[in-house]
Amino acid sequence: MLLRRLLGWLDDRVGGARFGSKALEKVFPNHWTFLLGEIALYCFVILVLTGVYLTFFFEPSTREVVYDGDYAPLQGVEMSAAYASSLAISFEVRAGLVMRQMHHWAALLFVASMSVHLMRVFFTGAFRRPRELNWIIGLTLLVLGIGNGFFGYSLLDDLLSGTGVRVAYATALSIPLIGPDLAFAVFGGEFPDESIIPRFYTLHVLILPAIIGLLVAVHLALVWRQRHTQYPGGPRREDNVVGIRAWPGFAMKAAGLMFVTSAVVAALGGLAQINPIWTYGPFRSTEAVAAVTSASQPDWYMGWIDGALRLFPGWETRIGGYMIPNPFYPGVLLPTLAFGVLYLWPWIEARYRKDREPHNLLERPRDAPLRTAIGAAGLAGFVVLFFAGSNDVIAGAFELGPESVTNAFRVLFVVAPLVTFFVTRKICRDLQRSGAKPLQGLPHHRIVREGEELVSLPAEAAPTEEVEHPVP
Amino acid sequence: MVGGDGPAAGGGEGDRDPRVGDDAGEPEAGRDGPAARASAAQADEVDRVDDEGAGATAVRPLLPPTTADKVTAGVFIAAAVAGLALLVVYVRGGNPQAEGVLLAIVLGGIGIGLVRWSHEMVGPEPAVEERPPLESAAARRREFITTLEESSRPVSRRRLLLASVTAAGLSLLAALLLPIRSLGPSPGRALFRTSWRNGRRMVTAGGQAVAAEDLRRGNVLTVFPEGHEQDEDAATLLIRVDPEDLELPADRMEWAPEGLVAYSKICTHVGCPVGLYRESTHELVCPCHQSTFNVLRGAEPVFGPATRPLPQLPIAVDDDGYVVATGDYPEPTGPGFWNWGT
């Protein structure tokens, strides 16, 4: 009764019952690969909630303090208030460490789930017309997520993250023409300036989350408006949507997934130590410069850029008294090219395939061998760079010279994408010819093939039964 | 709407369709099993029509729980218990591991319960809806564009106003961009200089002056200019090697008194402190990206991404035996930048 009165009150004032009815009945296609983006969304929710809690205790300042907190080994050490308050969150604030670790794990998962979601969209051709705009927004969300992750872990002002900021500064400095001015503007002057922490803080807790939140809203609104893509087969056609209704099935399932995602993050936050800043020590101290830095690896999503910095040979460009320093090529040019190709991909592909038609049915990766092979090759390059970011650790673990490990990675970076390209393309073509069935998930989630325009299959190989749905 | 060929409809192990049962207001009807009823598509229709009427009859009998329901309820109850336990842990002082695990059980319990429950909400048949075209009808689109153009005519025809408002807008933009300049000082020559000066003593991070005799062969020490221990750019490695082994350029032989050589500690690649010294090969290694520099040959890069040697600091030993600089670095320390060589 209360609900009726409340809804009546609201409808009297703003209307919307018609929209509400339609919304309840909206159909969402159902496939586990469609949950990856959802997981990213829930990670963002967790990040906001845990992040707000952390802001109550964190002091974004480089003000120098002498530590007198609970962690005995650092007592009496000079450090920034940022680092000291991060230690306080970890050791003195009750539930602080769990919140901090959940925040960090959620950030890693946020970028990871966005990346895997991106791969799903890429390899199934979901970015094709009419969804180019959402492809652009999604990629921007990934870039912003990576950026905000970097700002976030830099705030703690520990020795490891300080090293990361230093690399970022040098990379900004390396940009031709505008580098020095840009680096001084962003970092407040010559590294390490006092203003870095408060600036990154504003970006990290206000500006980037606001933009991310806004873009997430637009991203979802577009999915709502354009309706979700679906895999071909059974009753699914270009002009219909087959799945489960928004209410209560989809909503409840989605809410369930949100809680399960949070549960995984909570378990990680409680049990899996992440970024133990107290073992790194403070960044802002003369001792830090004097100290021997051991192997330093950034968070996973920056690993490929760090790997590229390590692999790139000792080249730089001199033009008279001017210079394009070495870090520009792996640190600026490579990510710009990688993301540039991704941003333009829908148009590159549309032009190459001469296909500018709208598509609501997804393609299986094998049915677009060239795209799949290019994507796989790109991934191979990414993986090589990622592991190259740990060349010192690998060299240590296998007792090899760092030089030989680096050289091996240099060769791999060229060879692995090429081999992956040709092998993937062959596998795709062979699969197309053989008509082998796709990997089957749970029985009620089977992907069924259909349609001669997709693959040249024996006619009887196109089953018509629909087994999409869970049995109640 | 989908045809009623759902093969899975009869396979439901929960022996009721909650949706129909609920809306019919009669649990018995719902327990006949899905097969007994019309196709799910029809059920969907009926559902929505019924909703109006069903609400009017205020009392709706509850459904008796099935086995699946009992399991789901058990999961929810476990979540509730874990929530209480979390409260206790917190009140009693907290423990990160216990907090994480209990929170995971609360959240996971609710999540798994909801997902289990949602399976019951989904009928045996997939829901199907039309996907109307996204684009507007051609006439509608034309009408909009024409209206926009026509109603904009009073704007576009006022050339003078348009030009002047554009000028004002551009100048506002320029004025708003100006404060960006305040974000950082102009680099000027800041990147070219450190605080090393002729006669300035070398001190350790702790401020201790460094005497030549403090270092034995093979020793390395991180030093700063006296009174400028916070100047990171000036961080310098002082190393003693066998003077016989040194292969410095001829004009720099004086910079290495008694086999003491001083190189910038800031890597020329991206500026990490070059923190590792391989004494056997006389090589300095940067822990960040493994750039390697030969100490005997003026810290020339021998491996890794660094392209330039670590700049060498001219030094001398003063009358009291302390090591002093005889000037600043001859070139910028640290990572490269556009106007590095100007």
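This structure is a prediction, so every number in the text was calculated from the model and none was measured.

## Digging into the overall build of chain A
A count of helical and extended segments in chain A gives 17 helices and six strands. Taking 472 residues into account, the globule formula puts the C-alpha radius of gyration at 23 Å, and chain A, at 25 Å, falls close to it. In terms of overall dimensions, chain A has a C-alpha envelope of 75 × 65 × 40 Å along the principal axes. Split into buried and exposed, the 472 residues of chain A put 44% on the buried side.

## Side note on the overall build of chain B
A count of helices and strands for chain B gives seven helices and 11 strands. A total of 342 residues make up chain B; the buried ones form 36% of that total. For chain B, long-range pairs separated by at least 24 residues make up 55% of all intrachain contacts whose partners lie at least 6 apart in sequence.

## With respect to the pairing of strand β4 (residues 236–240) of chain B
Residue and element names in this part refer to chain B. Among the five residues of β4, five are classified as buried, and the element is accordingly described as predominantly covered. Burial along β4 is two-sided: the residues T236, L238 and R240 and L237 and I239 are all buried. Sheet topology places strand β3 (residues 220–225) next to β4; four bridges connect them, and they run antiparallel. When the bridges of β4 are listed, T222 appears paired with L237. Pairing geometry for β4 and strand β5 (residues 260–264), over five bridges, is antiparallel. When the bridges of β5 are listed, T236 appears paired with S264.

## Focus: the environment of E64 of chain A
All names here are of chain A. Locating E64 in the fold gives a position in strand β2 (residues 64–66). The class for E64 is partly exposed, based on 14 C-beta atoms found within 10 Å. As for E64 and L431, which are separated by 367 residues in sequence, their C-alpha atoms are 63 Å apart. Beyond its immediate stretch of four places on either side in the chain, E64 contacts E78 and S80.

## Some remarks on the interface of chain A and chain B
Taken together, the contacts link 89 residues of chain A with 78 residues of chain B. It is helix α10 (residues 246–271) of chain A that contributes the most residues to the side of chain A that touches chain B, 16 residues altogether. In the side of chain A that touches chain B, the residues fall into 47 nonpolar, 25 polar and 17 charged.

## Quick notes on the sheet that holds strand β1 (residues 27–28) of chain A
In space, the three strands of this open sheet follow the order β1(A)-β4(A)-β1(B), with antiparallel pairing throughout. Whereas interior strands pair on both sides, the edge strands pair on one side only; in this sheet they are β1 of chain A together with β1 (127–130) of chain B. Looking at chain direction, β1 of chain A and strand β4 (residues 240–245) of chain A are connected through two bridges and run antiparallel. The residue bridging F28 of chain A from the neighbouring strand is I244 of chain A, located in β4 of chain A.

## Some points on the nonpolar core
Counting residues in each nonpolar core, the largest one holds 156 residues, and the members touching the most others are C43, A106, F110, Y169 and V265 of chain A together with V106 and L238 of chain B. Looking at this core, the element that brings in the most residues is helix α5 (residues 96–123) of chain A, giving 15 residues. Both domains that meet at this core, namely domain 2 (67–121) and domain 3 (194–325) of chain B, each give it at least three residues. Contact partners of C43 of chain A, with chain neighbours within four places excluded, come to A106, L109, F110, S113 and T261 of chain A. Among the nonpolar cores identified, the runner-up in size contains eight residues, and V241 and F250 of chain A together with V122 and A127 of chain B belong to it.

## Topic: the confidence of the model for chain B
Residue and element names in this part refer to chain B. Looking at chain B, pLDDT values average 84 and 83% of them are 70 or higher. pLDDT under 50 marks residues 1–56. Its contacts with residues more than four places away, or in other chains, come to 79 contacts. For this predicted complex, the interface score ipTM comes out at 0.88, while the overall pTM is 0.88.

## Focus: the sheet that holds strand β2 (residues 202–203) of chain B
Ordered by their spatial adjacency, four strands build an open sheet running β2-β3-β4-β5 (chain B), and the pairing between neighbours is antiparallel. Bordering the open sheet on either side are β2 and β5 of chain B, each of which pairs with just one other strand.

## What about the packing of helix α3 (residues 36–55) of chain A against helix α9 (residues 196–226) of chain A?
Residues and elements named next belong to chain A. Relative orientation of the contacting elements α3 and α9 amounts to 155°, with a least axis distance of 12 Å. Here α3 is positioned roughly antiparallel relative to α9, judged by the angle of their axes. At the point where α3 passes α9, the crossing takes the left-handed sense. Note on element contacts: α9 touches α3 through V205, P209, I212 and V216, opposite L41, F44, V48, G51 and T55. Of the residues that constitute the contact of α3 with α9, the class distribution is seven nonpolar, two polar and no charged.

## Thoughts on the confidence of the model for chain A
All names here are of chain A. Here chain A shows a mean pLDDT of 90. Residues at 70 or above account for 90%. Every residue in residues 440–448 is under pLDDT 50, and counting partners more than four places away or in other chains gives 18 contacts. Within the model, pLDDT remains below 50 along residues 450–472, and this stretch shows 52 contacts once partners closer than five positions in the same chain are excluded.

## Concerning unusual backbone geometry
Across residues other than glycine, the phi torsion is negative in most instances, and most of the peptide bonds are trans. For the bond from R129 of chain A to P130 of chain A, the omega torsion is 10°, close enough to zero to count as cis. With respect to the helices, strands and loops of the structure, P130 of chain A is situated in the loop between α5 and α6 (132–155). Cis rather than trans, the peptide bond between W247 of chain A and P248 of chain A has omega equal to -5°. The backbone of A95 of chain A sits at a positive phi, close to 70°, despite the residue not being glycine. Along the chain, A95 of chain A turns up in the loop between α4 (81–91) and α5. Among the residues examined, A95 of chain A registers 19 C-beta atoms within 10 Å and is labelled partly exposed. With phi around 55°, A299 of chain B is a residue other than glycine that occupies positive phi space.

## Concerning the pairing of β4 of chain A
In terms of burial, β4 of chain A is a largely internal element, five of the six residues being buried. As paired elements, β4 of chain A and β1 of chain B share four bridges and run antiparallel to each other. Paired with V242 of chain A across the two strands is V128 of chain B, which belongs to β1 of chain B.

## Brief notes about helix α5 (residues 96–121) of chain B
Between its first and last C-alpha, α5 of chain B extends 37 Å over 26 residues, near the 38 Å set by a 1.5 Å rise per residue. Within α5 of chain B, 21 of the 26 residues are buried, which leaves it mostly tucked inside the rest of the structure.

## Quick look at the environment of M302 of chain A
Tracing the chain through its elements places M302 of chain A in helix α13 (residues 300–311). Through-space distance from the C-alpha of M302 of chain A to that of L6 of chain A is 49 Å; in sequence the pair is 296 residues apart.

## Observations regarding the environment of L133 of chain A
With respect to the helices and strands, the residue L133 of chain A is situated in helix α6. Taking the C-alpha atoms as reference, L133 of chain A lies 8.6 Å from L222 of chain A; in sequence the two are 89 residues apart.

Cut-offs and rules
- Residues numbered from 1 in each chain as written.
- Chains lettered and ligands numbered in written order.
- Predicted model: local features only at pLDDT ≥ 70, side-chain atom pairs only at ≥ 80, totals over all residues.
- Helix = DSSP H or I, 4+ residues; strand = E, 2+ residues; numbered from the N terminus.
- Rg over C-alpha atoms; globule rule 2.2 N^0.38 Å.
- Buried ≥ 20, exposed ≤ 12 C-beta atoms within 10 Å, placed from the backbone.
- Contact = placed C-beta atoms within 7 Å.
- Pairing = 2+ DSSP bridges.
- Nonpolar A, V, L, I, M, F, W, Y, C, P; charged D, E, K, R; others polar.
- Core = buried A, V, L, I, M, F, W, Y, C linked by C-beta atoms within 7 Å.
- Domains from an automatic or database assignment.
- pLDDT = per-residue confidence, 0-100.
- Axes fitted to C-alpha atoms, helices over the stretch in contact; angles between N-to-C directions.
- Parallel < 35°, antiparallel > 145°, perpendicular 65-115°, else oblique.
- Left-handed = near helix turned anticlockwise from the far one by under 90°.
- Expected span 1.5 Å × (residues − 1).

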